[in-house]
Amino acid sequence: MVDNYYSSIDIPQNVSVEFSSIPFKSTHENATHILSIVSNSAESLGIFGGSLTDQEWDLYISKMQKNIENIRTSSGNGLLSFNSDVQFSIGQAWVFKGKDISNFVNAFGKLMKIFKFEGLVGAGQVVHETDNGENAYIYGTYAN
């Protein structure tokens, strides 16, 4: 249902939408899947989000709500990424509660200069919607 809907609508070229399962998670995470909508442009994300208002969207949402027990959203601002041209379908996110985002991202950048990661990997700041005050994240993708 998710793939069918998003493959049938116009998505701006600099916006990516990916639906994936969450195979490895903490005991505190109840979600089984994640829908990631990413762009390097806040304006493009806003335009895309604003376009989701027609009858097709309403029908999609009404069907989806029948299959969802709970929903959680969060958003962030990517501050540093590596291998952004690599598209692997398995992703994992780690969220942190830190005192200084700048130091966190700088330390991550130093690590990534010596650690060779095959997939996309990035660090950023959580902007809103966390459970326990987390304010930073690292996201990575894997081939398997």
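Anything mentioned here points back to the structure above.
Residues numbered from 1 in each chain as written. Predicted model: local features only at pLDDT ≥ 70, side-chain atom pairs only at ≥ 80, totals over all residues. Heavy atoms only, no water.

A. Structural view of helix α4 (residues 101-114). The end-to-end C-alpha distance of α4 is 21 Å, a good match for the 20 Å that 14 residues give at a rise of 1.5 Å each. Residues of α4 that are buried include every one of Ile101, Val105, Phe108, Gly109 and Met112, and no others. Projected onto a plane normal to the axis of α4, the buried residues spread over an arc of 100° and lie on a single side. The exposed residues of α4 that point more than 90 degrees off its buried face are Lys110, Lys113 and Ile114. Those residues of α4 that are buried lie in contact with β3 (75-82), β5 (121-128) and β6 (136-142). Measuring from the backbone nitrogen of Ser102 back to the side-chain oxygen at the start of α4 gives 3.0 Å, which picks out Asp100 as the cap. (Helix = DSSP H or I, 4+ residues; strand = E, 2+ residues; numbered from the N terminus. Expected span 1.5 Å × (residues − 1). Buried < 20%, exposed > 50% of the residue type's maximum accessible area, 1.4 Å probe, protein only. Arc of directions from axis to C-beta. Contact = heavy atoms within 4.5 Å. Polar contact = N/O pair within 3.5 Å; in protein donor to acceptor, adjacent residues only side chain to side chain.)

B. Local environment of the environment of Lys63. Within the secondary structure, Lys63 sits in helix α3 (residues 55-65). With a relative accessible area of 41%, Lys63 lands in the partly exposed category. Counting along the chain gives 72 residues from Lys63 to Asn135, while the straight-line C-alpha distance between them is 33 Å.

C. Local environment of a nonpolar patch on the surface. On the surface, Phe19, Leu35, Ile37 and Leu45 cluster together into a nonpolar patch covering about 280 Å² of accessible area. Take Leu35: it is sitting in strand β2 (residues 33-39). (Patch = residues over 30% accessible without salt bridge, like charges linked within 9 Å, V, L, I, M, F, W, Y side chains within 5 Å. Areas by Shrake-Rupley, 256 points an atom, 1.4 Å probe, with all protein chains shown as cover. Salt bridge = Lys/Arg side-chain N within 4 Å of Asp/Glu carboxyl O.)

D. Geometry of the sheet that holds β3. The sheet built from four strands is open, its strands ordered β3-β5-β6-β4 with antiparallel pairing. Strands with a single pairing partner mark the edges of an open sheet, and in this sheet they are β3 and β4 (90-96). Taking the axes of each pair of neighbouring strands and ignoring which way they run, one obtains an average angle of 25° across the sheet. Pairing of β5 with β6, which is carried by five bridges, proceeds in the antiparallel orientation. If you follow Ala123 over to β6, its bridge partner there is Ile138. Its contacts with the sheet put α4 on β3, β4, β5 and β6, and the angle it makes with β3 is roughly 30°. (Pairing = 2+ DSSP bridges. Axes fitted to C-alpha atoms, helices over the stretch in contact; angles between N-to-C directions.)

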